[in-house]
Amino acid sequence: MTRTSPQGRAEDGISLPEKLPVAITVNGVARQLRLAPWTTLLDALRDHLGLTGTKKGCDHGQCGACTVLVDGRRINSCLALAVMQDGASVTTIEGLASNGVLHALQQAFIDHDAFQCGYCTPGQICSAAGLLAEGRAGSAEEIRELMSGNICRCGAYPNIVAAIQQAMGQP
Amino acid sequence: MIGFQYSRAQDVADAVRQIAAEPSAKFIAGGTNLIDLMKQDVERPSRLIDISRLPLRSVEETASGGLRIGALVPNADLAYHPLIAQRYPMLASSILAGASAQLRNMASTGGNLLQRTRCYYFYDTATPCNKRVPGSGCSAIAGLNRMHAILGTSESCIATHPSDMCVALVALDATVHVAGPAGARVIAFADFHRLPGDEPQRDTTLQDGEIVTAVELPERGFSAHYTYLKIRDRLSYAFALVSVAAGLELEGDRIKDARLALGGVAHKPWRDPTAETALRGQPASQATFASAATILLRDAKGYEHNRFKIDLARRAIVRALTQAAAGTPQLQSSKKIA
Amino acid sequence: MTTYIGTATSRIDGHAKVTGTAKYAAEFNAPHLAHASVVGSTIARGRIARIDTSRARSVPGVLAVLTHQNRPPMASDDSAYKDDVAPEGAPFRPLYNDRILFSDQPVALVVAEEPEIARLAASLVRVEYHVDLHVTDVHRQRHSTFALEPVERLDDNPFAPPPPRGQPEHSLASADMRHRAEYFVPIEHHNPMELYASTVVFEDEGRLTIYDKTQGVQNVQRYVASVFELDPSHVRVMSPFVGGAFGSGLRPQYQVVLAVLASLSLKRSVRLVLTRQQMYGLGYRPAMLQEIELGINAHGALAAITHEATTVTSQHENYYRQETGWSGLLYRSEHARYAHKLARLDLATSCDMRAPSAATAVYALECAMDELAVALKLDPLELRLRCYSERDQHNDRPYSSKGLRDCYRRGAEAFGWSERSPEPRSMRDGTELVGWGMATGVWEALQVPIAVRIALTANGHAEIACATSDIGTGTYTIMAQVAADMLGLPLDNITVRIGDSTLPQSPVEGGSWIAASVSNGIATTAQAIRAELLHLAKAVPGSPLRDLAPDDVVLLDGRLVSKRDAAHAVSIADVMRHGGVDRIEQEKTASFHHTGAHSHNTHSAVFAEVKVDEQIGIIRVTRVVSAVAGGRILNAKTARSQIMGGVVWGIGMALHEETLIDHTFGRIMNADIAEYHVPVNADVHDIEVIFVDEPDGIVNPLGIKGLGEIGIVGVAAAIANAVHHATGKRVRDLPITLDKLQR
């Protein structure tokens, strides 16, 4: 039996999309980029701005490793087109510490060993920063639910919750 | 992902004009489902028309005592909006049951309505799927169908609609405001999504070139006796096996009015007025709830891996109505079932 | 002196990880870097009839489309593809020929100026196949298996079924009670958070520096040099940080071959990052069917154990581990028999995944023991104590240490096991049924030859170098702790270099063997450093150490100190200054001579509480206590994290994880992490980790046993047993999803 894969379906005239100007503020610094519309905010950060602290774990909004803050809100940067963020202010893991002093969450993650391989960690910390800003989580149960968009395959969840509680000033 | 063009819509009329000029284009707002599907080569729009900057972000009270929710209101903002939390807590709860905090920050109200199914075969371009390639066949019927529909299926498709929010919206008698080449119109929520029939490629009754501009809620929010109960394979961040939106109005221990809708069981959020009729005027008892469940599920049909959903849905309906009647709605952060 | 060993030291790489400066394989850059994208097969078995790459090549920015027809030369002999840990058989060769061995096997590689262009062009490659019938269903294949030959001595093949003992059939026939059941664990995928990636930097004279996601830089280095017939000194492999691997990175994965192919073809630097979906075409935990029969005599001791396993491998390689022997090892039983069969499926070859074989086999054993306890109306913990084995019966020898009794005792105390009501369905919390279950865990304490280089400088700093990796286990940190103590320096004065194939020899990082091996490696090398310092110190006129041997001195607080009289000491700085050296460097290999007199194992006792909604069947794991006997604990903080992570894996194994294959298409259908469920934060509640004191002067000089695997072993069984205790339902096929409670 012979079968043809669905790959390589006929496509009319392959031309690449035109690159467009994108102005975003990243960690307080105004950046001007020219990007094709298909470039996600995640790839813009990693490949075009050299900010590889933001991680690609699934590229489909299923793991949370790419979490950054856009205008103060946590989002999955893998599902955001960079051109649509024109004019936005983006905070990544590289922008959380100030003057060499770690953000309270960063220090708490170290203190509580809230990571192992470290790959989900920038996303966890940015997500937790978003969580703190939202102010919707008080109890451990609420933290767990509202941090469930960040998968940690090493299984550091109890330590992540403890670290967030420390940063919230809870015992 | 194909190489698409990108443009911004200046206003709703411009959005409608742009898509009329290029029918293979798509609107993009939150993008959480569309970009995912474009990376899978399931969606292949020639152009994305960015509607995210249109002024459709307000939640306003209507003259008839309801609320009009702009199509671009993010899911998170809607869930935490004071008027929603106060008057339509069932809707707030359903939104918080879905996705993750990050996705709820991105996803829009209109986009939530237009989510596509999570059927494995729809996502995998190496397998036949009538929804993706009409006429190619349904792989799920004889394949892996644990997540699939038990109600309103067809020989062409047994996919489910993945939204949680829409289950509450159909229960609340919401309406969908759309604009299009032929002007604006209003669609009853129950008529917005469709059953697969022999055209499973069509998820909704939107006409070509139409854009969702708002969702309107009528006055009654069932805020005293409601719940949204979602059953899934892990305790968060998973699609529903079965979910139940329930709202009751009680007079003493009698049910004066009832709303009941299911998610995760059909190609659309499933609501059946006859089940609600069966609840009205009856005592708020387990027997009443069970008979409503029986009516709601009377045409349910299971497949190899999802037969359990019929009984699970029955139990979940009874439990949800019990929660609603008792005034102990399910809290989405609590994993113990109330 | 142990200032640091054993303490709860924060990770020395923590700062890099929380600030985003830790760089993983896809995050290294090179000038003119090209980007590659893989085209995967849509069939599971057959041949490529034709590939048309013309449309893909016509996309602006595409540099090349490589297939088996136009790729650069690769070695033609199987032996060239045998990596350090390859199983027997013919290893898969990416883009080698027209044969399709599994679905989503790479059939073409597009290389382009930008990743998005490569991805687009990959979707335009047209492939025609001659399709052969495939089999991907282990249940269909279970009667077409082949049996592994049992061995006389396990030392001959530690993975083969152990030799039988006694007369198990006869003993079973005369047992007072028998329990026989079959247990099933589906295929599971590792799903480390980091996507598999290789960045190949093409340097002068065709030298390659490869940043690869791997658990063994030297394994990849040898493999790449061998497959491409390159001068080994021209290939350097680096993995300073690895975003999880759990066994999936022990063997070189296909992305490194493809990235090197592209780089050699274009004479350019190339990066290839696999998609999450493509990672399901790498290895996986083999599905397993286990039939266990236990016979027990009147006074509650095991009379006989038979354990038959069927596990999954590919058509081209025979991957298997010691699947059956755990039962006869863990419990005392005079009679035992083992059988292990392999089922060939049209899939990639299965591979090691966290506690390979123990996670699955001990799940089956420990559920069977629970069933036996229920049948005997005996407390499950009491049954284990009655069957406690003081000796390794496979090899008829004692353990170097076995703190399992302490694990049972302390775990039970911490959990409150004595409060358990024995009857199933007898404990409840409102609408939820409460279940308490327990299980035992066991793993090996392995150690492997490893070389460590220490460079000590006169300013009191030391660099510790070894080609091992830290996949999240905490290797960086424990190496620094051990070195600081062995050299008598502050932790901050220690620099650790790992994840570079040019560093001293290390085997792959897996099997829980690195902590013990590298720590003893550091101790060995530190001893040589000490000897050299002493040699220099003796040359100092009037040296207070002149009559001492290396074993008579220790390094402490930057000084060389006599063990006999602490007043006799000289500072390292003075010694080196006097000797005219500003740097002392030593490289030594630690080898571990297994005399065969003792067996080396880690053990655990796991206690789990579940709450199950009686009406709906939702299962919540509300509490887990894991008490571990793992020898000397190097770092109380990271050790706890290791066990906690293993427990989380056990929760996933028990309740969530299952790779779903459509057998019509031979394709994995939940190849992502939305539909392949791993635990999320909301699934995980209280986890208490206890390390019992287990001094062991035999296993190795430092008494270290390793902790990477033991944390998962037994957890799924404890949860399954708790679910039975809560509901009265015995589910023998994982994962225990709520629909199975309705059956």
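Definitions and limits used
- Residues numbered from 1 in each chain as written.
- Chains lettered and ligands numbered in written order.
- Predicted model: local features only at pLDDT ≥ 70, side-chain atom pairs only at ≥ 80, totals over all residues.
- Heavy atoms only, no water.
- Helix = DSSP H or I, 4+ residues; strand = E, 2+ residues; numbered from the N terminus.
- Contact = heavy atoms within 4.5 Å.
- Areas by Shrake-Rupley, 256 points an atom, 1.4 Å probe, with all protein chains shown as cover.
- Lys, Arg positive; Asp, Glu negative; His and termini not counted.
- Charge placed at Lys NZ, Arg CZ, Asp CG, Glu CD.
- Rg over C-alpha atoms; globule rule 2.2 N^0.38 Å.
- Buried < 20%, exposed > 50% of the residue type's maximum accessible area, 1.4 Å probe, protein only.
- Buried area = accessible area lost by both parts, 1.4 Å probe.
- Salt bridge = Lys/Arg side-chain N within 4 Å of Asp/Glu carboxyl O.
- Polar contact = N/O pair within 3.5 Å; in protein donor to acceptor, adjacent residues only side chain to side chain.
- Nonpolar A, V, L, I, M, F, W, Y, C, P; charged D, E, K, R; others polar.
- Domains from an automatic or database assignment.
- Pairing = 2+ DSSP bridges.
- Axes fitted to C-alpha atoms, helices over the stretch in contact; angles between N-to-C directions.
- Phe/Tyr/Trp six-rings, centres within 6.5 Å; stacked < 30°, edge-to-face > 60°.
- Lys NZ or Arg CZ within 6 Å of the ring centre and 35° of its normal.
- Parallel < 35°, antiparallel > 145°, perpendicular 65-115°, else oblique.
- Left-handed = near helix turned anticlockwise from the far one by under 90°.
- Disulfide = S-S within 2.5 Å.

Draft legend 1. Main features of the overall build of chain A. Each helix and strand counted, chain A has five helices and six strands in total. Going residue by residue from the N terminus, the α and β elements of chain A occur as β-β-β-α-β-β-β-α-α-α-α. When its C-alpha atoms are laid out on the principal axes, chain A stretches across 60 × 50 × 25 Å. If you take every contact in chain A between residues at least 6 apart in sequence, the share linking residues at least 24 apart comes to 54%. Summed over its atoms, the accessible surface of chain A is roughly 5,400 Å², and 48% of this surface lies on carbon and sulfur atoms. Between the centroid of the 13 positive side chains of chain A and the centroid of its 15 negative side chains there is a distance of 4 Å.

Draft legend 2. Seen up close, the overall build of chain B. Tallying secondary structure elements over chain B gives 13 helices and twelve strands in all. A compact globule built from 338 residues should have a C-alpha radius of gyration of about 20 Å, and chain B, at 19 Å, falls within 12% of that. The C-alpha extent of chain B, read off along each of the three principal axes, is 60 × 50 × 35 Å. Per-residue burial over chain B gives 65% buried out of 338 residues. Within chain B, counting contacts between residues at least 6 apart in sequence, those at least 24 apart form 63% of the total. Roughly 11,200 Å² of accessible area belongs to chain B as shown, and the carbon and sulfur atoms make up 52% of that amount.

Draft legend 3. Summary view of the interface of chain C and chain A. Listed as interface residues are 74 residues of chain C and, on the opposing side, 59 residues of chain A. Interface area for chain C against chain A, summed over the two sides, is near 5,700 Å², with a carbon-plus-sulfur share of 55%. Summed over the three residues of chain C that lose the most area to chain A, namely Val18(C), Met193(C) and Asn681(C), the buried surface amounts to 15% of that side. Viewed at the interface, chain A and chain C are joined by six salt bridges. Between Arg153(A) and Glu657(C) there is a salt bridge, and its shortest N-O distance comes to 2.7 Å. Inspection of the chain C/chain A interface yields 27 residue pairs in polar contact (both at pLDDT 80 or more).

Draft legend 4. View of the interface of chain C and chain B. In this assembly, 36 residues from chain C lie in contact with 37 residues from chain B. Both faces combined, the contact of chain C with chain B buries some 3,300 Å², and carbon together with sulfur accounts for 58% of it. For the interface between chain C and chain B, the tally reads five salt bridges. Measuring nitrogen to oxygen at the nearest pair gives 2.8 Å for the salt bridge that ties Arg146(B) to Asp739(C). The element best represented in the side of chain C that touches chain B is helix H17 (residues 738-742) of chain C, accounting for three residues. For the side of chain C that touches chain B, a count of residues per class yields 15 nonpolar, ten polar and eleven charged.

Draft legend 5. Focus on the domain arrangement of chain A. Residue and element names in this part refer to chain A. Assigned domains of chain A: these are domain 1 (20-95) and domain 2 (104-168). Of note, the centres of domain 1 and domain 2, computed from C-alpha atoms alone, are 21 Å apart. Taken residue by residue, the interface counts 15 residues in domain 1 and 16 residues in domain 2. Our enumeration of links across domain 1 and domain 2 arrives at one salt bridge. Residue glutamate 134 is joined to arginine 74 by a salt bridge in which the shortest nitrogen-to-oxygen separation is 2.8 Å. Scanning the region where domain 1 abuts domain 2 turns up seven residue pairs in polar contact (both at pLDDT 80 or more). In terms of residues, the side of domain 1 that touches domain 2 owes the most to one element, strand E4 (residues 67-70), which gives three residues.

Draft legend 6. Spatial organisation of the sheet that holds strand E23 (residues 462-465) of chain C. Residues and elements named next belong to chain C. One open sheet accounts for four strands, arranged E24-E23-E22-E28; its pairing is mixed. Edge positions in the sheet fall to strand E24 (494-497) and strand E28 (583-590), since each of these pairs with one other strand and no more. Adjacent strand axes in the sheet meet at a mean angle of 15° when their direction is disregarded. The strands touched by helix H12 (residues 475-487) within the sheet are strand E22 (450-457), E23 and E24, with E24 carrying the most contacts at an inclination of about 135°.

Draft legend 7. Representation of the sheet that holds strand E11 (residues 208-212) of chain C. Residues and elements named next belong to chain C. Across the sheet, which stays open at both edges, the seven strands sit in the order E3-E6-E1-E13-E10-E11-E12 with mixed pairing between neighbours. Each end of this open sheet is capped by a strand with a single partner; those strands are strand E3 (62-66) and strand E12 (235-238). Strand after strand, the sheet turns through a mean of 20° between neighbouring axes, direction not considered. Both E3 and strand E6 (residues 106-112) contribute to a ladder of four bridges, which runs antiparallel. Residue pairing in the sheet places valine 62 in a bridge with alanine 112 of E6. Strand contacts of helix H6 (residues 217-227): E11 and E12, with the helix running at about 150° to E12, the strand carrying the most contacts. Of the strands in this sheet, strand E1 (34-40), E3, E6, strand E10 (197-202), E11 and strand E13 (270-273) touch helix H7 (residues 254-266), which is tilted by about 25° from E10.

Draft legend 8. Focus on the packing of aromatic side chains. Taken as a whole and judged by the stated rule, the model has 19 aromatic pairs over all chains. Each ring, one from Phe28(C) and one from Tyr211(C), has its centre 3.8 Å from the other, and the planes form 5°; the classification is stacked. With a gap of 183 residues between them, Phe28(C) in the loop between helix H1 (14-19) and E1 and Tyr211(C) in strand E11 connect regions that are remote in the sequence. Across the pair, Tyr211(C) and Phe28(C) agree in class, each one buried. Between Tyr280(C) and Tyr676(C), the aromatic rings sit 5.9 Å apart at their centres with planes inclined by 65°, giving edge-to-face as the arrangement. Residue Tyr280(C) is located in the loop between E13 and strand E14 (288-296), and its partner Tyr676(C) is located in the loop between strand E32 (667-668) and strand E33 (686-691); the two are separated by 396 residues in the primary sequence. Tyr676(C) carries the same exposure label as Tyr280(C), and that label is buried. The side chain of Arg153(A) reaches across the aromatic face of Trp649(C), ending 3.9 Å from its centre.

Draft legend 9. Broad picture of the packing of helix H13 (residues 514-538) of chain C against helix H14 (residues 572-579) of chain C. All names here are of chain C. Across the interface, H13 lies against H14 with an axial gap of 9 Å and an inter-helix angle of 65°. Taken together, the axis directions place H13 and H14 in an arrangement best described as roughly perpendicular. For H13 against H14, the interelement crossing comes out left-handed. Only Ile572, Val575, Met576 and Gly579 of H14 make contact with H13, whose side of the interface consists of Leu533, Leu536 and Ala537. In the contact of H13 with H14, the residues fall into six nonpolar, one polar and no charged.

Draft legend 10. Representation of the state of the cysteines within the structure. All names here are of chain A. Inspection of the entire model under this criterion finds zero disulfides over all chains. Free of any disulfide, cysteine 117 has its nearest neighbouring cysteine sulfur in cysteine 154, separated by 3.8 Å. Classification of cysteine 117 as buried rests on a relative accessible area of 4%. Note on cysteine 120: no disulfide assigned, nearest cysteine sulfur contributed by cysteine 152 at a separation of 4.0 Å. Take cysteine 120: its relative accessible area is 4%, and that puts it in the buried class.

Draft legend 11. Spotlight on the environment of Ala101(B). Within the secondary structure, Ala101(B) sits in helix H6 (residues 101-106). For Ala101(B), a relative accessible area of 9% translates into the label buried. Taking the C-alpha atoms as reference, Ala101(B) lies 14 Å from Asp164(B); in sequence the two are 63 residues apart. Contacts of Ala101(B), omitting those with residues within four sequence positions, involve Arg74(A) and Leu146(A).

Draft legend 12. Structural context of unusual backbone geometry. Cis geometry is adopted by the peptide bond preceding Pro735(C), which originates at Leu734(C) and carries an omega value of -5°. Looking at where Pro735(C) falls in the secondary structure, it is placed in the loop between helix H16 (715-727) and H17. One non-glycine residue, Tyr237(B), lies in positive phi territory at about 55°. On the secondary structure map, Tyr237(B) appears in the loop between strand E9 (226-231) and strand E10 (242-251). With a relative accessible area of 8%, Tyr237(B) lands in the buried category. Phi angles above zero are rare outside glycine, and Arg425(C) is one such case at about 65°. When you line up the elements, Arg425(C) lands in the loop between helix H11 (404-415) and strand E20 (428-429).

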